[in-house]
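So you can see what is in the structure, the chains are spelled out below.
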Amino acid sequence: MTDSGLLVANLSVAYAGSVTALRGVSLRVPRGSIVTVLGANGAGKTTLVRAVTGLLFVHDGKIREGTITFNGKPIHTASATAVVKHGICQVPEGRMLFPRLTAEENLLCGAATRRRSPEIDLDLERVYQLFPVLGERRRQPAGLLSGGEQQMLAVGRALMARPRLLICDELSLGLAPMVVAELFRLLRQLNETEEMSILVIEQNARVALENSHYGYVLETGQMVVEGDSGTLRADPHVQELYLGGAGEAKAAYQALVRQYRNAIA
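Residues numbered from 1 in each chain as written. Predicted model: local features only at pLDDT ≥ 70, side-chain atom pairs only at ≥ 80, totals over all residues. Heavy atoms only, no water.

**Student:** Help me out: how do you make sense of helix α6 (residues 147-159) in this one?
**Tutor:** In an α-helix, one full turn covers 3.6 residues, which means residues spaced three or four apart are oriented alike. When the terminal C-alpha atoms of α6 are compared, their 19 Å separation across 13 residues agrees well with the 18 Å that a helix rising 1.5 Å per residue should span. Those residues of α6 that fall on the buried side of the exposure criterion are Gly148, Glu149, Gln150, Gln151, Met152, Leu153, Ala154, Val155, Gly156, Arg157, Ala158 and Leu159. Residues of α6 that are buried make contact with β6 (88-91), α3 (103-109), α4 (118-130), α5 (132-136), β7 (165-169) and α7 (177-194). (Helix = DSSP H or I, 4+ residues; strand = E, 2+ residues; numbered from the N terminus. Expected span 1.5 Å × (residues − 1). Buried < 20%, exposed > 50% of the residue type's maximum accessible area, 1.4 Å probe, protein only. Contact = heavy atoms within 4.5 Å.)

Right, dumping it as structure tokens:
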């Protein structure tokens, strides 16, 4: 097994010293791949992102067991700043922009771990080429942008850190389908032209699996199913459950989960 990319091994996380949020979670994001993690609210997706990005401490969380490595280097004890310097950056759920700062000022915040240089100016222009509307709105406060424009700004800000692994947490949340399609088209472009690795954390199973190579399903803090995205997308039980199915589909899905757990036991 190559150590290139992100490797989460047997990760367990607890909050406030007692509330367990993740139990023995393992996943891989090989270099140059797009991997998605699916799960409903409360499944543990955000906790997984916090663990990878070094932000658990902000929420009184702590890794109890397991390791996280990126390109062979351990990062599970690294600070959030160090994680960014390793080449991992996220587009957070809810965008988390600075609403009173201009769009351009928000973008420059993404380069906070870099020294000001002509390269930063070039990266700024690159973001404007990827998102022309941001160039038009560069002097406007971020809080006055539309929802779609704000999400583009959040992605652009992350790109200003020059990530080798981009983590997108609920990218599609609250956005029109056309905007979601354009954002995922951009992710595929970054992956194909720059070999950028991308970890997609999503509730929208359909769009996530259509735009990734491999997928995991996280439920109540545990990985219960994994496989090639095409296989998961074609499985009617996985699809139907995440699109509101019940009855026979739910029973079949639970049987699939049992089969997966037996295989990795």
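**Student:** Got a minute to help me understand the side chain of Asp123 in this structure?
**Tutor:** With respect to the helices, strands and loops of the structure, Asp123 is situated in helix α4. Contacts of Asp123, omitting those with residues within four sequence positions, involve Arg114, Met160 and Arg162.

**Student:** Help me understand the packing of α6 against α7 in this model?
**Tutor:** Each packed pair of helices is defined by two parameters, the angle between the axes and the distance between the axes. One way to put it is that α6 packs onto α7 with a least axis distance of 10 Å and a crossing angle of 15 degrees. Compared by their axis directions, α6 and α7 come out roughly parallel. Of the two elements, α6 crosses α7, and the hand of that crossing is right-handed. On α7, the residues that touch Gly148, Gln151, Met152, Val155 and Leu159 of α6 are Val179, Leu183, Leu186 and Leu190. Of the residues assigned to the contact of α6 with α7, the class counts are seven nonpolar, two polar and no charged. (Axes fitted to C-alpha atoms, helices over the stretch in contact; angles between N-to-C directions. Parallel < 35°, antiparallel > 145°, perpendicular 65-115°, else oblique. Left-handed = near helix turned anticlockwise from the far one by under 90°. Nonpolar A, V, L, I, M, F, W, Y, C, P; charged D, E, K, R; others polar.)

**Student:** Explain the sheet that holds strand β1 (residues 5-15) to me, please; I cannot follow it from the model alone.
**Tutor:** Sheets are built from strands that pair by backbone hydrogen bonding, the pairs being arranged parallel or antiparallel. Read from one edge to the other, the open sheet built from four strands follows the order β2-β1-β4-β5, with strand pairing classed as antiparallel. The strands lining the two open edges of the sheet, one partner per strand, are β2 (19-30) and β5 (73-74). Direction of pairing for β1 relative to strand β4 (residues 61-70): antiparallel, over a ladder of eight bridges. When the bridges of β4 are listed, Val13 appears paired with Ile63. Where helix α1 (residues 45-53) meets the sheet, it contacts β1, β2 and β4, and its direction lies at approximately 115 degrees from that of β1. (Pairing = 2+ DSSP bridges.)

**Student:** How should I be thinking about the pattern of salt bridges in this particular structure?
**Tutor:** Side-chain pairs of opposite charge can arise whenever the charged atoms involved come near each other. Applying the stated rule across the entire model yields ten salt bridges. Lys45 serves as the salt-bridge partner of Glu170, at 3.4 Å between the closest nitrogen and oxygen. One end of the pair, Glu170, is in the loop between β7 and α7; the other, Lys45, is in helix α1, with 125 residues separating them in the sequence. Residue classification places Lys45 among the buried positions, given a relative accessible area of 5%. Where Arg139 meets Glu104, a salt bridge forms, and the shortest distance between an N and an O atom there is 3.4 Å. Of this pair, Arg139 sits in the loop between α5 and α6 while Glu104 sits in helix α3, placing them 35 residues apart in sequence. With relative accessibility at 13%, the residue Glu104 sits in the buried group. Overlapping salt bridges bring together Glu104, Glu125, Arg138 and Arg139 as one network. (Salt bridge = Lys/Arg side-chain N within 4 Å of Asp/Glu carboxyl O.)

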